[in-house]
Amino acid sequence: VDTMVRTVGHQVFAAIGFAGDTVMLLLRALSFIARGQIGLGRTVQQMAIAGADSFPIVTVTLLFVGMAWGWHTATYMVKFGATSYFGGTTAVAFARELAPALCGVVVAARVGSAFAAELGTMTVTEQVDALRALAVNPVYYLVVPRLIACVIMLPILTVIAVAAGLFGAFLLATHVGISSGE
């Protein structure tokens, strides 16, 4: 029992330390942003990685989620004679919940893994140490552009995700028996 408690205690302290390090990194990045030190060229490059490169997977994912939603929801709404509610409920569900949540998960998985792989490789090959040796702050050079790119591109991708989801729901709902006007 003592060993188990000790192991769990170490894991809890490691998690708290990780959370603290993450908050400190975010605060350092926000301090650069507050001072206007952004690095526009690197930010635009990261926006292409976080936004344009994520566009296909976000669109396809939400299109198929919309199709599944349209199929199941429309089937029951036709069965119970509530077809006039399909458009409104689908739009609200996608705009408020489904598209933002799923877009965030897809972008976090795709972009997060790409950023982690790139920064991990830079750390292993001592490129981050080289930046420090050249008197370039790694937070300013590596973290700030990625943070800004994600903050700008995620809402844009969410709007696209809503449109893709609604289009997918429209496609399947019209085949189930809901008119395109509804």
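Throughout this description, residue numbers start from 1 for each chain and increase along the sequence as written. In view of the model being predicted, local features appear only for residues whose pLDDT reaches at least 70, and side-chain atom pairs are presented and counted only at 80 or more, with totals across whole chains, interfaces and linings using the full set of residues. Computation of side-chain values covers all heavy atoms of the structure but excludes hydrogens and water.

## Points about the overall build of the protein
- By the criteria applied, helices consist of DSSP H or I runs no shorter than four residues and strands consist of E runs no shorter than two, each listed in order from the N terminus. Helix and strand counts for the protein stand at six helices and zero strands.
- Going from the N terminus to the C terminus, the protein shows its helices and strands as α-α-α-α-α-α.
- Here the C-alpha radius of gyration of the protein, 22 Å, is well above what a compact globule of 182 residues would show, namely 16 Å.
- For the protein, the C-alpha atoms occupy an extent of roughly 70 × 55 × 30 Å along the three principal directions.
- Between buried and exposed lies partly exposed: a residue is buried under 20% and exposed over 50% of the maximum accessible area for its type, with that area taken using a 1.4 Å probe on protein chains only. Looking at the 182 residues of the protein, the share that counts as buried comes to 27%.
- Contacts are assigned to residue pairs that have any heavy atoms within 4.5 Å of one another. A separation of at least 24 residues holds for 86% of the contacts in the protein among residues at least 6 apart in sequence.
- When the 9 basic and 8 acidic side-chain charges of the protein are each reduced to a single mean position, those positions are 5 Å apart. Computation of the radius of gyration draws on C-alpha atoms alone. For the globule rule, the value is 2.2 Å times the number of residues to the power 0.38. Charge counting follows a simple rule: Lys and Arg are positive, Asp and Glu are negative, and His as well as the terminal groups are ignored. Every charge is mapped to an atom, namely NZ of Lys, CZ of Arg, CG of Asp or CD of Glu.

## Overview of the pattern of salt bridges
- Salt bridges are identified by distance alone: a Lys or Arg side-chain nitrogen within 4 Å of an Asp or Glu carboxyl oxygen. A complete count under the given rule lists four salt bridges for this structure.
- Between Arg 146 and Glu 118 there is a salt bridge, with its nearest N and O atoms 2.9 Å apart. Remark: Glu 118 occurs in helix H4 (residues 86-124) and Arg 146 occurs in helix H6 (residues 138-176); sequence separation between them is 28 residues.
- Taking the relative accessible area as the measure of exposure, Arg 146 reaches 7% and is therefore buried.

## Considerations on the nonpolar core
- In this structure, Val 58, Leu 62, Ala 99, Cys 103, Val 107, Val 111 and Ala 161 are the most contacted members of the largest nonpolar core, which totals 15 residues.
- In this description, a nonpolar core means a group of buried Ala, Val, Leu, Ile, Met, Phe, Trp, Tyr and Cys residues linked to one another through side-chain atoms lying within 4.5 Å. Judged by nonpolar contacts, the second largest core, of six residues, contains Phe 86, Ala 169, Ala 173 and Ile 178.

## A word on the layout of surface pockets
- Each cavity reported here is a set of points on a 1 Å grid over the protein atoms alone in which a 1.4 Å probe fits but cannot get out, each pocket an open set with protein on both sides within 12 Å along at least five of seven lines, and each lining residue one with an atom within 4 Å of a point. Grid points are joined across faces, edges and corners, and a volume is the space filled by probe spheres set on the points. Empty space within the largest pocket amounts to approximately 290 Å³.
- As for the largest pocket, its lining consists of Phe 18, Thr 22, Leu 25, Leu 26, Ala 29, Phe 115, Leu 119, Val 143, Arg 146, Leu 147 and Cys 150.
- The set of elements that each furnish at least two residues to the lining of the largest pocket consists of helix H1 (2-34), H4 and H6.
- Element by element, the count of residues in the lining of the largest pocket is highest for H1, at five residues.
- Lining the second largest pocket are Leu 25, Arg 28, Leu 119, Thr 123, Val 128, Arg 132, Pro 138, Val 139, Leu 142 and Val 143.
- Broken down by secondary-structure element, the contributors of at least two residues to the lining of the second largest pocket are H1, H4, helix H5 (127-133) and H6.
- Residues are grouped as follows: nonpolar covers Ala, Val, Leu, Ile, Met, Phe, Trp, Tyr, Cys and Pro; charged covers Asp, Glu, Lys and Arg; every other residue, Gly included, is treated as polar. Considering only residue class, the lining of the second largest pocket consists of seven nonpolar, one polar and two charged.

## Examining the environment of Leu 30
- For Leu 30, the position within the fold is in helix H1.
- Along the chain, Leu 30 and Ala 164 lie 134 residues apart, while their C-alpha atoms are 33 Å from each other.

## Side note on H6
- Counted at 1.5 Å a residue, the expected span for H6 with its 39 residues is 57 Å, and the 55 Å between its end C-alpha atoms agrees.
- Val 144 marks where H6 bends most, by close to 30°; the proline Pro 145 follows one to four residues later.
- At the N-terminal boundary of H6, the capping side chain belongs to Asn 137, with an oxygen 2.9 Å from the backbone nitrogen of Val 139.
- Remark: Gly 177 follows H6 within two positions and exhibits a positive phi of approximately 135°. For a helix, the expected span equals 1.5 Å multiplied by the residue count minus one. Bending is quantified residue by residue as the angle between axes fitted to the seven-residue window ending at that residue and the seven-residue window starting at it. In protein, a polar contact means a hydrogen-donor-capable atom and an acceptor-capable atom, both N or O and within 3.5 Å, with residues adjacent in sequence counting only if both atoms are side-chain atoms; elsewhere, any N or O pair within 3.5 Å suffices.

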